[in-house]
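Each chain, letter by letter, is given below.
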Amino acid sequence: MLDRLDKQLLAELQRDASLSLQELGERVNLSSTPCWRRVQKLEQMGYIRGRVALLDPARLNVGVTVFVALRGEHNDAWMRKLCEVVDTIPEVVEFYRMSGDTDYLLRLVVPDVKGYDRVYKRLVAHLEFSSVSSSFAMEQIKYTTALPLDYL
């Protein structure tokens, strides 16, 4: 079970994973060595899966977000093929199997409608879908990679 310090460390790392151990320790009132041990423990326990840099999509010319709802066949071979195809498309940044009317939901980042069309053509070249519905995000109102820590 995680204690208050572990949760504080996770919260600080979610805000800025580039903090030095000294800076991180100062923020949670720990010296560097105990801070390092706790971070190592959190990594070993799987609470910290990795550390990444968050890039600006607009600066990389992929500022258009598209949500694509897919419906397809309901068998293992088709699903494996879909996973293989999606894995080769870097514009797909999130991929979910859903309940309800949508079987799969993709979140894409592309430069424009033509960029989306190229991804669409790659998808349909490899698989048949009973339905493909796309929605372009007009405005990003909230975006965070920080997960809530109140459920620990």
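Undergrad: Can you lay out the pairing of strand 3 (residues 104-110) for me, pointing to particular residues and giving the numbers?
TA: Taking burial as the measure, the 7 residues of strand 3 include 6 buried ones, the bulk of the element. Examined bridge by bridge, strand 2 (residues 92-97) and strand 3 share 5 bridges and lie antiparallel to one another. When the bridges of strand 3 are listed, Tyr96 appears paired with Leu105. Two successive antiparallel strands, strand 2 and strand 3, enclose a turn made up of 6 residues, where Gly100 displays a positive phi of approximately 90 degrees.

Undergrad: Summarise the side chain of Asp6; cite the residues concerned and give the values.
TA: Looking at the secondary structure, you find Asp6 in helix 1 (residues 4-15). Within the local environment of Asp6, its side chain forms a polar contact with the side chain of Lys41, the two groups lying 3.2 Å apart. With near-sequence residues (within four places) excluded, Asp6 lies in contact with Arg38, Lys41 and Leu42.

Undergrad: How would you sum up the packing of helix 1 against helix 3 (residues 32-44)? Please name residues and give values.
TA: Two elements in contact, helix 1 and helix 3, have axes separated by 10 Å at closest approach and are oriented at 80 degrees. Looking at the two axes, helix 1 sits roughly perpendicular to helix 3. Where helix 1 abuts helix 3, its residues Leu5, Asp6, Leu9, Leu10 and Leu13 lie against Cys35, Arg38, Val39, Lys41 and Leu42. A class-by-class count of the residues in the contact of helix 1 with helix 3 yields 7 nonpolar, no polar and 3 charged.

Undergrad: Break down the nonpolar core for me, with residues and values.
TA: As a rule of thumb, soluble globular proteins bury nonpolar side chains together. In terms of nonpolar packing, the biggest core is built from 18 residues, with Val68, Leu70, Leu82, Leu106, Leu108, Leu123 and Phe129 touching the most fellow members. Taken together, the elements giving at least two residues each to this core come down to strand 1 (64-71), helix 4 (76-87), strand 3 and helix 5 (113-126). What Leu106 contacts, discounting residues up to four positions off in sequence, is Val66, Phe67, Val68, Leu70, Val86, Val92, Glu94, Phe95 and Leu123. Counting 15 residues, the second-largest nonpolar core is a separate cluster that includes Ala11, Leu19, Cys35 and Val39.

Undergrad: Can you break down the environment of Ser20 residue by residue, with the values?
TA: With respect to the helices, strands and loops of the structure, Ser20 is situated in the loop between helix 1 and helix 2 (21-28). Taking the C-alpha atoms as reference points, Ser20 and Trp36, separated by 16 residues in sequence, lie 9.9 Å from one another.

Undergrad: Describe the pattern of salt bridges, with residues and values.
TA: Tallied over the entire structure, the rule returns 9 salt bridges. Salt-bridge contacts for Asp76 lead to Arg80; the nearest nitrogen and oxygen are separated by 2.2 Å. In this pair, Asp76 and Arg80 both sit in helix 4, 4 residues apart, roughly one turn of the helix. Between Asp117 and Lys121 there is a salt bridge, with its nearest N and O atoms 3.1 Å apart. Of the two residues, Asp117 and Lys121 both sit in helix 5, 4 residues apart, roughly one turn of that helix. A relative accessible area of 30% places Asp117 in the partly exposed class. Among the charged side chains, a salt-bridge network with shared partners connects Asp3, Asp6, Arg38 and Lys41.

The rules behind these values
- Residues numbered from 1 in each chain as written.
- Predicted model: local features only at pLDDT ≥ 70, side-chain atom pairs only at ≥ 80, totals over all residues.
- Heavy atoms only, no water.
- Buried < 20%, exposed > 50% of the residue type's maximum accessible area, 1.4 Å probe, protein only.
- Helix = DSSP H or I, 4+ residues; strand = E, 2+ residues; numbered from the N terminus.
- Pairing = 2+ DSSP bridges.
- Polar contact = N/O pair within 3.5 Å; in protein donor to acceptor, adjacent residues only side chain to side chain.
- Contact = heavy atoms within 4.5 Å.
- Axes fitted to C-alpha atoms, helices over the stretch in contact; angles between N-to-C directions.
- Parallel < 35°, antiparallel > 145°, perpendicular 65-115°, else oblique.
- Nonpolar A, V, L, I, M, F, W, Y, C, P; charged D, E, K, R; others polar.
- Core = buried A, V, L, I, M, F, W, Y, C linked by side-chain atoms within 4.5 Å.
- Salt bridge = Lys/Arg side-chain N within 4 Å of Asp/Glu carboxyl O.

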